[in-house]
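A look at the structure
Residues per chain are reported as follows:
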Amino acid sequence: MTRAAVAPDRTPGSLREAIDGAHRRLSAAGVPSPRHDAEALAAFVIGCPPARLLVAGNLSAGQHTVFTELVARRASRIPLQHLTGSAAFRYLEVAVGPGVFVPRPETEVVVGWCIDALRMRAIDATDPPLVVDLCTGSGAIALSIAQEVKGTVVHAVEREHAAFTWAQRNVTGSRVILHRGDATAALPELDGLVDLVVSNPPYLPETQRADLEPEVRDHDPEAALWGGADGLAGPRMIELAAHRLLRHGGLVAVEHADEQGDAVAEMFRASGAWSAVVVRQDLAARDRFVTAQRDRGAVTGSEEKP
Ligand SMILES: C[S@@+](CC[C@H](N)C(=O)[O-])C[C@H]1O[C@@H](n2cnc3c(N)ncnc32)[C@H](O)[C@@H]1O
């Protein structure tokens, strides 16, 4: 798609006119939430939260030029979060851009379940809960858990160099311990000790390649998306890694595509190592993640942690 020319600097009209024009342009380009994105870009240029736009003054000539450029880039289907440089996730803003997966609202629900589970366990815990986020990307999951469940020790694992670099930037100053590595074999020193493994692995089936929006197809990294022919290679990798890492009674939460709930649950049940296997929904009531408990009876040769 060709990029539109940047409009020459001129005396801008009202902020409302600028946003209305951007809305029309983004709508014509097929952007899924054109009004939201027009307002988000205006707020970004002004440097205020979107909720403050109503009381913001008009764009200066310089701001209008920048806004017009950003709207043109969004119309070429560059993700909004790549233009603003950050993505909102629960109570955080994480830095994102080319090379890292933009965290999605569906994943916030997965993290919410983990946080509730950790808080419930924390009532009786004498030691800090140990959590591993496999396939961490920007680090959004790990950072949210570390922020919202005080005292938790959170390790995060990412294999790809570009995504790892974004994660490094995001975890700086946090308690998250970041590791570069493959989820399959990561953190062998924690085998059998972890309280909770969480992951949003790559899970799209190859058959969906033609169906993706340009923002995803052209800007999310390949390694973040594809889970083999049926998409299940990512969840399968997490089931095996969680089996290795978790203590007896430890919990796993793994995100999957909306049509994969039964298949992922069956994968866990068939291994014989899990109890309480449950398919859970996102806020749109679509199957979104499977949770399971490392069967207390399925591991032999070591004592169960309280
Ligand atoms: C769908 S993205 C999820 C990122 C982040 N957890 C989130 O929810 O926004 C999957 C991530 O897994 C990483 N990844 C893929 N295969 C991996 C593997 N075998 N080991 C570690 N990371 C992997 C990708 O590079 C990508 O960053």
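Residues numbered from 1 in each chain as written. Predicted model: local features only at pLDDT ≥ 70, side-chain atom pairs only at ≥ 80, totals over all residues. Heavy atoms only, no water.

1. Overview of the environment of alanine 38
Heads up, the condition is: Secondary structure follows DSSP: runs of H or I at least 4 residues long count as helices, runs of E at least 2 residues long count as strands, and numbering of each begins at the N terminus. By definition in these notes, contact holds between two residues if any of their heavy atoms fall within 4.5 Å.
Of note, alanine 38 is situated in helix α2 (residues 34-46). Residues alanine 38 and alanine 56, spaced 18 residues apart in sequence, show a C-alpha to C-alpha distance of 15 Å. Alanine 38 has contacts with Ile19, Ala22, His23, Leu26 and Phe67, leaving out every residue within four places of it along the chain.

2. What about the packing of helix α10 (residues 233-245) against helix α11 (residues 261-271)?
When two helices pack together, their arrangement is captured by the angle between the axes and the distance separating the axes. Rules: Axis definition: a line fitted to C-alpha atoms, over the contacting stretch in the case of helices. Angles run 0 to 180 degrees between N-to-C directions. The crossing is said to be left-handed when, going from far helix to near helix, the turn is anticlockwise and less than a right angle, and right-handed when the turn is clockwise. Polarity classes work like this: nonpolar for Ala, Val, Leu, Ile, Met, Phe, Trp, Tyr, Cys and Pro, charged for Asp, Glu, Lys and Arg, and polar for all others, with Gly in that last group.
Where α10 meets α11, the closest approach of the two axes is 10 Å, and the angle between their N-to-C directions is 30°. Once α10 is placed against α11, the crossing between them reads as right-handed. Listed contacts from α11 to Pro235, Arg236 and Glu239 of α10 are Val264, Met267, Phe268 and Ser271. Partitioning the contact of α10 with α11 into residue classes produces four nonpolar, one polar and two charged.

3. As for the packing of aromatic side chains
Each aromatic ring pair is described using two quantities: the centre-to-centre distance and the angle formed by the ring planes. Quick note on the threshold: Note on aromatic contacts: the rings of Phe and Tyr and the six-membered ring of Trp form a pair at centre separations within 6.5 Å, being stacked when their planes are under 30 degrees apart, edge-to-face when over 60 apart, and tilted otherwise. A 1.4 Å probe rolled over the protein chains alone gives each residue an accessible area, and that area as a share of the maximum for its type sets the label: buried under 20%, exposed over 50%, partly exposed in between. For a lysine, the NZ atom is tested; for an arginine, the CZ atom; a charge sits over a ring if that atom is within 6 Å of the ring centre and within 35 degrees of the ring normal.
This structure, assessed with the given rule, holds two aromatic pairs. Taken together, a centroid distance of 6.5 Å and an interplanar angle of 65° make the contact between tryptophan 113 and phenylalanine 289 edge-to-face. Of this pair, tryptophan 113 sits in helix α5 (residues 105-122) while phenylalanine 289 is found in strand β9 (residues 287-294), placing the two residues 176 residues apart along the sequence. Ring centres of phenylalanine 268 and tryptophan 274 lie 5.1 Å apart, and the angle between their planes is 65°; on these two criteria the pair is classed as edge-to-face. The same class applies to phenylalanine 268 and to tryptophan 274, which are both buried. Residue placement shows arginine 180 over the ring face of phenylalanine 164; its charged tip is 6.0 Å from the ring centre. A cation sits over an aromatic face here: arginine 209 above tryptophan 226, 4.3 Å from the ring centre.

4. Section: unusual backbone geometry
Positive phi is not limited to glycine here, since arginine 77 has a value of about 75°. Structurally, arginine 77 is set in the loop between α3 (61-75) and α4 (80-84). With relative accessibility at 6%, the residue arginine 77 sits in the buried group. Look at leucine 187: it is not a glycine, yet its phi comes out positive at around 55°.

By themselves, these observations are geometric and do not establish any function.
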